[in-house]
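Architecture at a glance
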Amino acid sequence: MTSDSAPVAAIVVAAGSGSRLGHPIPKALVELCGVPIVRRAVDALVEGGVQRVVVVAPASHLHEFRTILDGVPAPLVVVPGGVERQDSVRLGLDALGEASVVLVHDAARPLVPARVVGDVVRAVRDGARAVIPVLPVVDTVRRETTGGSSIVDRDELRAVQTPQGFDGALLREAHRNAVECALTVTDDASACEALGEPIAFVPGDREALKITEPFDLLVAEAIVGARRQRT
């Protein structure tokens, strides 16, 4: 169990090109209702209790990221990312230094509610070493095979979101192991699972959608508009 006073740090992965969104600039710099996606993501983490942030950005746009993130109410640095997502997380860990509780968040999920961030942090502090927010899968899912297809039991499926939360030492060990064993993982929980670490769940939120394509941006704009009406 981690002390309730242990500082919470976060790595925000924002180094992707976002070509599927159809913009000439990195996706994290695209504005969502007047505010860049990456700024909304970082502000959401800080609101949820994160006290220190490393943003991993495209090397060609570091100045723009630093300008956009100026004034965030928490210590923050921007560092260049790597070729793959797991390379970027590893570089973020190198820049982060020691931290007992580390969250890894995709900038492409800028509207994650503070409640989700706080739940992840509390779960790590309560003793879970690897925590992910999840949602039940509501669509009917089929597995396609060479001979046809079959229904997958959706009651056993969960959609994974970020931020994912970790004991800092475990996350570092997981990424060292991934390098040594040449493992390719799509998220950090998978890297921890490769070490035999169990993964704990907390409830996610549909507002924490991942912005990948133009339709996702339209949905995110509608969410921002609905939030403004509630306040």
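Here, every reference points to the structure presented above.
Residue positions are given per chain, counting from 1 as you read along its sequence in written order. The model is predicted, so local features are restricted to residues of pLDDT at least 70 and side-chain atom pairs to those at 80 or more, both for listing and for counting; the totals for chains, interfaces and linings are taken over all residues. Side-chain metrics rest on all non-hydrogen atoms present in the structure, leaving aside hydrogens and water.

Moving on, we get to the layout of surface pockets. Computed over the protein atoms alone on a 1 Å grid, cavities are sets of points where a 1.4 Å probe fits but cannot get out and pockets are open sets with protein on both sides within 12 Å along at least five of seven lines; a residue lines them when it has an atom within 4 Å of a point. Grid points are joined across faces, edges and corners, and a volume is the space filled by probe spheres set on the points. For the largest pocket, the calculated volume is near 620 Å³. If you trace the largest pocket, you find 28 residues lining it, with Gly-16, Lys-27, Arg-85, Asp-106 and Lys-210 closest to the centre. Grouping the amino acids of the lining of the largest pocket by side-chain chemistry returns nine nonpolar, eleven polar and eight charged. In this structure, the second largest pocket encloses a volume near 240 Å³. Forming the boundary of the second largest pocket are Arg-109, Leu-135, Pro-136, Val-137, Val-138, Asp-139, Ala-159, Val-160, Gln-161, Arg-206, Leu-209 and Lys-210. Put simply, the parts of the chain that give the lining of the second largest pocket at least two residues each are β7 (130-136) and β10 (158-160). Partitioned by chemical class, the residues of the lining of the second largest pocket number seven nonpolar, one polar and four charged. Think of it as three bins: nonpolar holds Ala, Val, Leu, Ile, Met, Phe, Trp, Tyr, Cys and Pro, charged holds Asp, Glu, Lys and Arg, and polar takes everything else, Gly as well. A helix here means a DSSP run of H or I that spans at least four residues, while a strand means a run of E at least two residues long, and both kinds are numbered starting from the N terminus.

This paragraph deals with the environment of Pro-7. Along the chain, Pro-7 turns up in the segment before β1 (8-13). Judged by its relative accessible area of 43%, Pro-7 falls in the partly exposed class. Note: C-alpha distance between Pro-7 and Arg-52 (45 residues apart in sequence) is 7.9 Å. Filtering out sequence-adjacent residues up to four positions away, Pro-7 remains in contact with Gln-51, Ser-100 and Val-101. Accessible area is worked out with a 1.4 Å probe on protein chains only. A residue is then buried under 20% of its type maximum, exposed over 50%, and partly exposed in between. Note on definitions: a residue-residue contact is assigned when non-hydrogen atoms from the two residues lie within 4.5 Å.

Their axes nearest at 11 Å, the elements helix α3 (residues 85-96) and helix α5 (residues 168-180) cross at an angle of 135°. In terms of orientation, α3 and α5 fall into the oblique class. For the element pair α3 and α5, the recorded crossing hand is left-handed. Residue-level contacts link Gln-86, Val-89, Arg-90, Leu-93 and Leu-96 of α3 to Leu-171, Arg-172, His-175, Ala-178 and Val-179 of α5. Every axis corresponds to a line fitted to the C-alpha atoms, with the helix fit spanning only the stretch in contact, and the corresponding angles, defined between N-to-C directions, vary from 0 to 180 degrees. Angles are sorted into four bins: roughly parallel if under 35 degrees, roughly antiparallel if over 145, roughly perpendicular if 65 to 115, and oblique for all others. By the definition used in this description, the sense in which the near helix is turned from the far one sets the handedness, with an anticlockwise turn below a right angle giving left-handed and a clockwise turn giving right-handed.

Turning our attention to the pairing of strand β11 (residues 164-167). Covered by surrounding structure in β11 are Gln-164 and Phe-166 together with Gly-165 and Asp-167, the residues of both alternating faces. In the sheet, strand β6 (residues 101-106) pairs with β11 via four bridges, with the strands oriented antiparallel. Residue pairing in the sheet places Val-101 in a bridge with Asp-167 of β11. Being paired, for any two strands, means DSSP has found at least two bridges between them. As paired strands, β7 and β11 are joined by two bridges and run antiparallel to one another. What sits directly across from Val-131, in β11, is Gly-165.

Note that Val-42 resides in helix α1 (residues 37-47). Given a relative accessible area of 0%, Val-42 falls into the buried group. Considered as a pair, Val-42 and Arg-109 are 67 residues apart in the sequence and their alpha carbons are 10.0 Å apart. Val-42 has contacts with Val-12, Val-53, Val-55, Leu-69, Val-72 and Leu-76, leaving out every residue within four places of it along the chain.

The salt bridge definition used is simple: a Lys or Arg side-chain nitrogen within 4 Å of an Asp or Glu carboxyl oxygen. Throughout the structure, instances matching the rule amount to eleven salt bridges. For Asp-87, the salt bridge goes to Arg-90, with nearest N and O atoms at 3.0 Å. Of the two residues, Asp-87 and Arg-90 both sit in helix α3, three residues apart, roughly one turn of that helix. In this structure Asp-87 comes out as buried when scored by relative accessible area, which is 19%.

Checked against the element boundaries, Glu-207 lands in the loop between β12 (200-203) and α7 (214-230). With 13 residues separating them in the primary sequence, Glu-207 and Ala-220 have C-alpha atoms 7.8 Å apart. Residue contacts for Glu-207: discarding those within four places in its chain leaves Leu-111, Ile-223, Arg-227 and Arg-230.

Turning to α7, a few remarks are in order. The end-to-end C-alpha distance of α7 is 25 Å, a good match for the 24 Å that 17 residues give at a rise of 1.5 Å each. Of the residues making up α7, those classed as buried are Asp-216, Leu-217, Ala-220, Ile-223 and Val-224. All buried residues of α7 project into a common sector of 115° when viewed along the axis, lining one side. Turned more than 90 degrees away from the buried face of α7 sit Phe-215, Leu-218, Ala-222 and Gln-229, all of them exposed. Contacts made by the buried residues of α7 are with β2 (31-32) and α1. To estimate the expected span of a helix, count its residues, drop one, and scale the result by 1.5 Å. Starting at the helix axis, one direction is taken to each C-beta atom, and the arc is that of these directions.

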